[in-house]
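# Architecture and fold: a report
Take a look at the letters that make up each chain.
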Amino acid sequence: MNVKLVMYSNETAVIISLIKKFWQSHNQYIPSYEEAFDDLTGWTKEGISYT
């Protein structure tokens, strides 16, 4: 399976919402905005490779 990564811009609110929904559905936990934002910045920082 090939996955294409695309740079996001001006979509932070949408992405934060998706991250919160992910945690809610998989862990029955709703993170705060700050926790979700920390996930976003951690998962998208330079140098991260998931190969």
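Conventions used here
- Residues numbered from 1 in each chain as written.
- Predicted model: local features only at pLDDT ≥ 70, side-chain atom pairs only at ≥ 80, totals over all residues.
- Heavy atoms only, no water.
- Helix = DSSP H or I, 4+ residues; strand = E, 2+ residues; numbered from the N terminus.
- Buried < 20%, exposed > 50% of the residue type's maximum accessible area, 1.4 Å probe, protein only.
- Areas by Shrake-Rupley, 256 points an atom, 1.4 Å probe, with all protein chains shown as cover.
- Lys, Arg positive; Asp, Glu negative; His and termini not counted.
- Charge placed at Lys NZ, Arg CZ, Asp CG, Glu CD.
- Phe/Tyr/Trp six-rings, centres within 6.5 Å; stacked < 30°, edge-to-face > 60°.
- Core = buried A, V, L, I, M, F, W, Y, C linked by side-chain atoms within 4.5 Å.
- Contact = heavy atoms within 4.5 Å.

### A few points about the overall build of the protein chain
- Counting its regular elements, the protein chain contains two helices and zero strands.
- Each principal axis of the C-alpha atoms in the protein chain carries an extent, and together these give about 30 × 25 × 15 Å.
- Within the protein chain, the proportion of its 51 residues that are buried is 14%.
- Total accessible area on the protein chain stands at roughly 4700 Å², and carbon and sulfur atoms take up 57% of it.
- Counting 4 positive and 6 negative side-chain charges, the protein chain places the averaged centre of each group 8 Å from the other.

### So, unusual backbone geometry
- Positioned with a positive phi, Q28 is a non-glycine residue whose angle comes to about 50 degrees.
- Take Q28: it is sitting in the loop between α1 (12–27) and α2 (33–44).

### What to know about the packing of aromatic side chains
- Summed over the entire model, instances satisfying the criterion amount to two aromatic pairs.
- Taking 5.6 Å as the distance between ring centres and 80 degrees as the angle between the ring planes, the aromatic pair formed by F22 and W23 counts as edge-to-face.
- The exposure class assigned to W23 is partly exposed, which follows from its relative accessible area of 25%.
- Between Y33 and F37, the aromatic rings sit 6.3 Å apart at their centres with planes inclined by 10 degrees, giving stacked as the arrangement.

### Considering the nonpolar core
- Within the largest apolar cluster, five residues are counted, these being I15, I16, I19, A36 and L40.
- Secondary-structure elements contributing two or more residues to this core are α1 and α2.
- Here this core takes three residues from α1, the largest share from any one element.
- Residues contacting I16, with those up to four places away along its chain left out, are Y33, A36, F37 and L40.

### A word on the environment of L18
- Structurally, the position occupied by L18 is in helix α1.
- Among the residues examined, L18 registers a relative accessible area of 54% and is labelled exposed.
- It is 18 Å that separates the C-alpha atoms of L18 and K45, two residues lying 27 residues apart in sequence.

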